[in-house]
Amino acid sequence: MGIDGATELYGIIGNPVAHSLSPAMHNAAFQALGLNKVYVAFPVADVAGAMTGLRALGVKGASVTIPHKQAVIPFLDAIDPVAARIGAVNTLVVEEGIIRGLNTDWVGANRALAEALPLAGKTILVLGAGGSARAIGFGLLEEGARVLLASRTPEKGRKLASELGIDWLPLAEAGRNPVDAVVNATSVGMAPAVDASPLPQAAFQKVPVVMDIVYSPLTTRLLREAREAGCQTVDGLAMLLYQGVAQFEAWTGLAAPVDVMREVLMKRFG
Ligand code: NAP
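Residues numbered from 1 in each chain as written. Predicted model: local features only at pLDDT ≥ 70, side-chain atom pairs only at ≥ 80, totals over all residues. Heavy atoms only, no water.

Draft legend 1. Inspection of the overall build of the chain at higher detail. From N to C terminus, the chain includes nine helices and twelve strands. Relative to a compact globule of 270 residues, whose C-alpha radius of gyration would be 18 Å, the chain shows 19 Å and is just as compact. Summarising its shape, the C-alpha atoms of the chain cover approximately 60 × 35 × 35 Å along the three principal directions. When the 270 residues of the chain are sorted by exposure, 51% land in the buried category. Long-range contacts, defined here as pairs at least 24 residues apart, represent 63% of the contacts in the chain between residues at least 6 apart. Roughly 12,100 Å² of accessible area belongs to the chain as shown, and the carbon and sulfur atoms make up 54% of that amount. (Helix = DSSP H or I, 4+ residues; strand = E, 2+ residues; numbered from the N terminus. Rg over C-alpha atoms; globule rule 2.2 N^0.38 Å. Buried < 20%, exposed > 50% of the residue type's maximum accessible area, 1.4 Å probe, protein only. Contact = heavy atoms within 4.5 Å. Areas by Shrake-Rupley, 256 points an atom, 1.4 Å probe, with all protein chains shown as cover.)

Below you can see the structure in the form of C-alpha cells.
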C-alpha cells in the first residue's frame, strides 16, 4: 500500500535508532495486513519536544528505546500499572492526543518463556540486575512465578531484589540449586565476547529450561551448552519478536502476523 493523505504514522524514538529492526518488523506487519500505516525511526535528543511533537502531529504510536525508556514517563497522560512498577516504558499509544505508556518487554519475555513451560508457580532464576532483568523480574511476578535474582554487583542486585520483594544471590552461586528455568538477562555472551557464559556447565543438571535474551549471536555459548546438556532452550529472538507483537496489537487491536515479523528478524539474526 502506498503512502497517501490517510496514512497513519508510527515510529521509534531513541538515540541511536538507525540500526533498529523495529521499522522493518512493523512495516512488514502493516503491509501483511494491508494497513495504511507506516513506521519510521526518529533519532531523539529532546524527549519533551518529541512528546509534544507526537501529540501535535497526530502520530498514532511509538516504540521507545535506549536511552529514553524512563525519560518519557513524566510526559505521559497515563501509564500501565506494570510499566509504572518497572519504571520504564517501551511503547506509546496515542489516541486523540492522549499518550499512554506501556512496557511490552516483560510481555515479550513471558510469552517467549511460556512456550517452554507454564510460568505460574514455577521457580525462575533471573541473571542480571540491569534494565531487562528489572522488566523480566516484575513481569514473571505478574504471571505468578517465584523469582530469584542472581547478579554480579551485590549492591545493585540487592537493591533490585528488594524492590521486587525476592531473594538475591551472587552470580557465582547461580545454578547450584535446582530451579524450573533460568533467564539470562545479563549481556554476558553478547558479541564480541561470545566465549563468555554466565553459568557453569554443571548448572544445567539442575535447570530444565534455559532462556537467553541476548540475540547477537542467536546461539550463545549458554544456549549451546544448555542444549548439549539436554535442556530446553529459548533464544533472544523470541523476546524481541513478542515485545514487537505486543506493540503491534496495542496499536492496531488486531492479531499480529507473527510469522511475517519473525521472518524479518530471522533474516537479520537467523
Ligand atoms: P544493562 O541494563 O546494561 O544490564 C546489563 C546486566 O548485565 C547488568 O546486570 C550487568 O551486571 C550484567 N553484566 C554485564 N557484564 C557482565 C559480566 N561480565 N559478568 C556478569 N554480569 C555482567 O543491559 P540490558 O538493557 O538489561 O540488556 C542486557 C542484554 O539483553 C543485552 O545483551 C541486550 O542486548 C539484551 N536485550 C535483549 C532483548 C530482547 O528482546 N531479546 C531486549 C533487551 C535487551 P551488574 O549488575 O554487575 O552491572
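Draft legend 2. Here's a closer look at unusual backbone geometry. Omega for the peptide link from N15 to P16 comes to 5 degrees, which places this bond in the cis form. Turning to its location among the elements, P16 is positioned in the loop between β1 (8–14) and α1 (22–32). Between A191 and the following residue, P192, the backbone shows a cis peptide bond with an omega angle of 10 degrees. Notably, E96 is not glycine yet its phi reads approximately 50 degrees, a positive angle. You can see E96 is positioned in the loop between β5 (91–95) and β6 (98–102). With a relative accessible area of 84%, E96 lands in the exposed category.

Draft legend 3. Up close: the site of the ligand. Taken together, 20 residues surround the ligand, and among them A129, S132, T153, K156 and I213 come closest. Taking R152, its side chain carries an N or O atom lying 2.9 Å from an oxygen atom of the ligand. Backbone polar atom of S187 to an oxygen atom of the ligand: 3.3 Å apart, as the coordinates give it. Across the complex, the protein chains shield 74% of the 910 Å² of accessible surface that the ligand would expose by itself. Those elements that place two or more of their residues in the shell around the ligand are α5 (131–142) and α8 (236–252). A per-class count over the shell around the ligand returns ten nonpolar, eight polar and two charged. (Near = heavy atom within 4 Å. Polar contact = N/O pair within 3.5 Å; in protein donor to acceptor, adjacent residues only side chain to side chain. Nonpolar A, V, L, I, M, F, W, Y, C, P; charged D, E, K, R; others polar.)

Draft legend 4. Fine view of the pattern of salt bridges. Across all of its chains, the model carries eight salt bridges by this definition. Two residues, D105 and K69, come together in a salt bridge whose shortest N-O distance is 2.8 Å. One end of the pair, D105, is in helix α4 (residues 105–114); the other, K69, is in the loop between β3 (61–64) and β4 (78–79), with 36 residues separating them in the sequence. For the pair D105 and K69, a shared accessibility class is recorded, and that class is buried. Within the structure, one salt-bridge network assembled from shared partners comprises R134, K159 and E163. (Salt bridge = Lys/Arg side-chain N within 4 Å of Asp/Glu carboxyl O.)

Draft legend 5. Fine view of the packing of aromatic side chains. Applying the stated rule across the entire model yields five aromatic pairs. Ring geometry for F30 and F248: centres 5.6 Å apart, planes at 35 degrees, overall tilted. Separated by 218 residues along the polypeptide, F30 in helix α1 and F248 in helix α8 bring together distant segments of the chain. Take F30: its relative accessible area is 0%, and that puts it in the buried class. Among the residues examined, F248 registers a relative accessible area of 0% and is labelled buried. Here the aromatic rings of Y39 and W251 are separated by 5.9 Å at their centres, their planes lie at 45 degrees, and the arrangement is tilted. Here the residue Y39 occupies a position in strand β2 (residues 37–43), and W251 occupies one in helix α8, the gap between them amounting to 212 residues. Of the two residues examined, Y39 and W251, each falls in the buried class. Here the aromatic residues Y10, F30, Y39, F248 and W251 are joined through ring pairs into a cluster of three or more. (Phe/Tyr/Trp six-rings, centres within 6.5 Å; stacked < 30°, edge-to-face > 60°.)

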